[in-house]
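# Reading the structure
So you can see what is in the structure, the chains are spelled out below.
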Amino acid sequence: MVLKVVNAAATAKEVTIDLAGIKKISKTGKAFVLASSDLKAENNLQEPTKVAPVEQPLVVPASKFVFTLAPNSLSVLRIGGSAE
């Protein structure tokens, strides 16, 4: 399962992720976070990875859990699971 979440605020936000209805949820996953404190930041030939996603381990303690979104970020959460 892949969840994509955006935080357009300049401050971190805690969100509750509810995976009710998903069976066989993996207890671990990965979070890929793309964020920058500078909204005008961009990659260029001198700094090709100035704005780049960072991979982080994700712990999924239960079907409902809290995740903190970084300021000005796009987070992609990859969690193993099945609807069956």
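Scroll up a little and you will see the structure.
All figures in this text were calculated on a predicted structure; none of them were measured in a lab.

### So, the overall build of the protein
Broken down by element type, the protein carries zero helices and six strands. When contacts within the protein are restricted to residue pairs at least 6 apart in sequence, long-range pairs at least 24 apart make up 78% of them. Taken as a whole, the protein presents about 5,800 Å² of accessible surface, with 56% of it coming from carbon and sulfur.

### Let's talk about unusual backbone geometry
Unusually for a residue other than glycine, Lys24 sits at a positive phi of about 55°. As for its placement among the helices and strands, Lys24 is situated in the loop between strand 2 (13–18) and strand 3 (28–35). The exposure class assigned to Lys24 is exposed, which follows from its relative accessible area of 69%.

### A look at the environment of Thr11
The topology assignment puts Thr11 in the loop between strand 1 (2–7) and strand 2. Sequence separation between Thr11 and Pro57 is 46 residues; the distance between their C-alpha atoms is 22 Å.

### Side note on the side chain of Ser75
Mapped onto the elements, Ser75 comes out in strand 6 (residues 73–79). Look past the residues within four positions of Ser75 in its chain and what remains in contact with it is Leu3, Lys4, Val5, Phe32, Val33, Phe67 and Leu69.

### Points about the sheet that holds strand 3
Sheet architecture is open: four strands sit in the order 1-6-3-4, paired in antiparallel fashion. The open sheet terminates on both sides in strands that have one partner only, identified here as strand 1 and strand 4 (54–59). Taken pair by pair, the neighbouring strands of this sheet meet at an average axis angle of 25°, ignoring direction. Bridge analysis of strand 3 against strand 6 gives seven bridges, and the strand direction is antiparallel.

### Details of the pattern of salt bridges
Any two side chains of opposite charge can pair if their charged atoms end up close together. By the definition in use, this model includes two salt bridges. Where Lys30 meets Glu55, a salt bridge forms, and the shortest distance between an N and an O atom there is 3.4 Å. One end of the pair, Lys30, is in strand 3; the other, Glu55, is in strand 4, and 25 residues separate them in sequence. Given a relative accessible area of 48%, Glu55 falls into the partly exposed group.

### A closer look at the nonpolar core
Ile17, Leu19, Ala31, Leu58, Val60, Phe65, Phe67, Leu69, Leu77 and Ile79 form the largest nonpolar core, which has 10 residues in total. At the level of elements, strand 5 (64–69) and strand 6 are the ones that each hand at least two residues to this core. The dominant element in this core, judged by the number of residues it contributes, is strand 5, at three residues. Non-local contacts of Val60, meaning those with residues more than four positions away in its chain, are made with Leu19, Ile25, Ser26, Lys27, Thr28, Phe65 and Ile79.

What counts as what
Residues numbered from 1 in each chain as written. Predicted model: local features only at pLDDT ≥ 70, side-chain atom pairs only at ≥ 80, totals over all residues. Heavy atoms only, no water. Helix = DSSP H or I, 4+ residues; strand = E, 2+ residues; numbered from the N terminus. Contact = heavy atoms within 4.5 Å. Areas by Shrake-Rupley, 256 points an atom, 1.4 Å probe, with all protein chains shown as cover. Buried < 20%, exposed > 50% of the residue type's maximum accessible area, 1.4 Å probe, protein only. Pairing = 2+ DSSP bridges. Axes fitted to C-alpha atoms, helices over the stretch in contact; angles between N-to-C directions. Salt bridge = Lys/Arg side-chain N within 4 Å of Asp/Glu carboxyl O. Core = buried A, V, L, I, M, F, W, Y, C linked by side-chain atoms within 4.5 Å.

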